[in-house]
Amino acid sequence: MTDENKVVDQKPKTKKSLKGVAKAKLKTMKRSSTKHPVREKSRIVKYGAIGFTRNIWLSTAATAVMTLTLFILFLTVVASIILSNTADAMREKIDITVYFKPGTSETTLKTLEEKMAADSNVKSVETATSQEEYDKFISEHQDNKELLEVVKEDDMREIMISQMQSTMRIKAHNVDDLSSIKNLVENEKIFQDNLDSKKAPTYNVNQIEIATITTWAKIARTSGIILGIVFLVISVLIIFSTIRLSIFSRREEIYMMKLVGASKGFTRGPFIVEAEICGVIAAILAATISYFFFNLLAPRLSNYGINTDSIANVLASNKLILIYIAFIIAGVAIGSVSARLAVKKYLNKA
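Reference entry: report on the structure contained in this document. (Residues numbered from 1 in each chain as written. Predicted model: local features only at pLDDT ≥ 70, side-chain atom pairs only at ≥ 80, totals over all residues. Heavy atoms only, no water.)

### Topic: the overall build of the protein
Counting secondary structure elements, the protein contains 14 helices and three strands. Here the protein, with 350 residues, has 35% of them falling under the buried criterion. Taking the contacts inside the protein whose residues are at least 6 apart along the sequence as the reference set, 84% of them involve residues at least 24 apart. Accessible area for the protein stands at about 20,900 Å²; split by element, carbon and sulfur atoms hold 60% of it. (Helix = DSSP H or I, 4+ residues; strand = E, 2+ residues; numbered from the N terminus. Buried < 20%, exposed > 50% of the residue type's maximum accessible area, 1.4 Å probe, protein only. Contact = heavy atoms within 4.5 Å. Areas by Shrake-Rupley, 256 points an atom, 1.4 Å probe, with all protein chains shown as cover.)

### Structural notes on the pattern of salt bridges
The full count for this structure, using the stated rule, is three salt bridges. Among the salt bridges present, the one from Lys115 reaches Glu188, with a minimum N-O distance of 3.6 Å. Within this pair, whereas Lys115 is found in helix α4 (residues 106–117), its partner Glu188 is found in the loop between α8 (179–187) and α9 (189–194), the two being separated by 73 residues in sequence. When its relative accessible area of 36% is taken as the criterion, Lys115 is described as partly exposed. (Salt bridge = Lys/Arg side-chain N within 4 Å of Asp/Glu carboxyl O.)

### Observations concerning a nonpolar patch on the surface
Taken together, the side chains of Leu75, Ile281, Leu285, Ile289, Phe293 and Leu297 define a hydrophobic patch exposed on the protein surface, amounting to about 440 Å² of accessible area. Element by element, the count of residues in the nonpolar patch is highest for helix α12 (residues 264–303), at five residues. Looking at the secondary structure, you find Leu297 in helix α12. Relative accessible area serves as the criterion here: at 32%, Leu297 is assigned to the partly exposed category. (Patch = residues over 30% accessible without salt bridge, like charges linked within 9 Å, V, L, I, M, F, W, Y side chains within 5 Å.)

### Quick word on the environment of Ile323
Mapped onto the secondary structure, Ile323 falls in helix α14 (residues 320–346). Those residues in contact with Ile323 that lie beyond four places of it in its chain are Val314 and Leu315.

### Examining a negative patch on the surface
Judged by side-chain charge, Glu146, Glu149, Glu153, Asp154 and Asp155 come together as a negatively charged surface patch. Counting residues per element, the ones that place at least two in the negative patch are α6 (145–151) and α7 (154–163). Position of Glu153 relative to the elements: it lies in the loop between α6 and α7. Residue Glu153 is classed as partly exposed on the basis of its relative accessible area, which comes to 47%. (Lys, Arg positive; Asp, Glu negative; His and termini not counted. Charge placed at Lys NZ, Arg CZ, Asp CG, Glu CD.)

### Focus: the sheet that holds strand β3 (residues 166–172)
Here we have three strands laid out as an open sheet, ordered β1-β3-β2, and antiparallel in their pairing. Strand pairing shows two members of the sheet lacking a second neighbour, β1 (96–100) and β2 (122–128), which therefore form its edges. Neighbouring strand axes in the sheet, compared pairwise and without regard to direction, differ in orientation by 15 degrees on average. Here α4 sits on the sheet in contact with β1, β2 and β3, set at roughly 170 degrees to β2. (Pairing = 2+ DSSP bridges. Axes fitted to C-alpha atoms, helices over the stretch in contact; angles between N-to-C directions.)

### Focus on the pairing of β1
Most of β1 sits inside the fold, with five of its five residues counted as buried. Here β1 shows a buried face lined by Ile96, Val98 and Phe100 and a second buried face lined by Thr97 and Tyr99. Both β1 and β3 contribute to a ladder of five bridges, which runs antiparallel. Bridge pairing in β3 places Thr97 opposite Arg169.

### Here we look at the environment of Gly48
If you trace the backbone, Gly48 turns up in helix α2 (residues 37–54). The contact partners of Gly48, leaving out residues within four places of it in the chain, are Pro270, Val273, Glu274 and Ile277.

### Here's the deal with the packing of aromatic side chains
Following the criterion strictly, the structure yields four aromatic pairs and no others. Geometrically, the ring pair formed by Phe71 and Phe293 is edge-to-face, given 5.5 Å between the ring centres and 85 degrees between the ring planes. With Phe71 in helix α3 (residues 56–93) and Phe293 in helix α12, this pair connects stretches of sequence that are 222 residues apart. (Phe/Tyr/Trp six-rings, centres within 6.5 Å; stacked < 30°, edge-to-face > 60°.)

### Quick look at helix α5 (residues 130–140)
In an α-helix, one turn spans 3.6 residues; hence positions three or four apart end up facing the same way. Taken together, the buried positions of α5 are occupied by Ser130, Glu133, Tyr134 and Ile138. Seen from one end, α5 has its buried residues packed into an arc of 145 degrees, which puts them on one side. Tucked inside the fold, the buried residues of α5 contact β2, α6, α7 and β3. (Arc of directions from axis to C-beta.)

### Quick word on the packing of α5 against α7
At their nearest, the axes of α5 and α7 sit 8 Å apart, and the two run at 120 degrees to each other. Our classification of the angle between α5 and α7 gives oblique. Judged by the sense of rotation from one axis to the other, the crossing of α5 with α7 is right-handed. Here α5 contributes Ser130, Gln131, Tyr134 and Phe137 to the contact with α7, which in turn contributes Arg157, Met160 and Ile161. The class makeup of the residues in the contact of α5 with α7 is four nonpolar, two polar and one charged. (Parallel < 35°, antiparallel > 145°, perpendicular 65-115°, else oblique. Left-handed = near helix turned anticlockwise from the far one by under 90°. Nonpolar A, V, L, I, M, F, W, Y, C, P; charged D, E, K, R; others polar.)

### Comments concerning the nonpolar core
Membership of the largest hydrophobic core comes to 33 residues, with the highest contact counts inside it found for Leu70, Ile243 and Phe327. The element best represented in this core is α12, accounting for 10 residues. What Ile243 contacts, discounting residues up to four positions off in sequence, is Phe271, Glu274, Ala275, Ala339, Ala342 and Val343. Core analysis: the next-biggest nonpolar cluster, separate from the first, contains 20 residues, Ile94, Phe100, Val125 and Leu178 among them. (Core = buried A, V, L, I, M, F, W, Y, C linked by side-chain atoms within 4.5 Å.)

The structure is reproduced here in structure tokens:
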């Protein structure tokens, strides 16, 4: 036999021998995995990481969309919290002022105060005579010396006190429902006899602003949830496609693994790990972007009276690590569920 014929005869033997070696390796891996579960898990992680780098462009796209999804979900939660806190803070500052005739006696004011304090919706109530209102005016304008010189003159002082209404300032538990307080002021005879006809009670001060902020909080929550769901679906679809392509590109390898009796967990494990790696990377990126974005935006929001303290305190404390953990759990969950759906549908066809 010539050398040329020997070379021709060796080619099929070489191909068969390579398949034999591959099968032998897989059999060895199968036997060792049953004895060493830790080794099996490490191999699953290793092959998952290889799969992630093998489909790097799809993996990058999946990671980017998942990062955006987690970032939008963070913004939704934060917007809802800070707008709700702002509305609550404004409610806390609200007080209702009822104006009585100038010169209403301290005894009468005390009786009015007791009647108002008996209302279940009243948190606190304070009254002030005309003299006390004048003293308060003086203390609030201490920096304006020219004004003080005028208003402290005896004649002007007497005129101002005679014109200044006595007041009752009320803080309510529920500022959205002032019906009981209004009913008391409008129907109780002692109130009607002493009310100042020139100045109405301030029931509706800041109510429009509070209603606006509350509406924005609802809009932020609703739109954020909708956007979050949209990008969540996109993330799932991209990861689903990534895993499907990965399964198709490795179908011969999967077939050989099935031939030598590889377990279902060992076969599908790398694909799930690949998606979970996307989730972890996306979570870390989203958490970091969210942190810096909030710190950049918070001072500007505070200038407009938006209360960001609750979120700022969390991000500035050791609870920040819990935020990262929450992001990672969410990212891994999205990746894992997407991968399991793809594996369940396509792995048996490979």
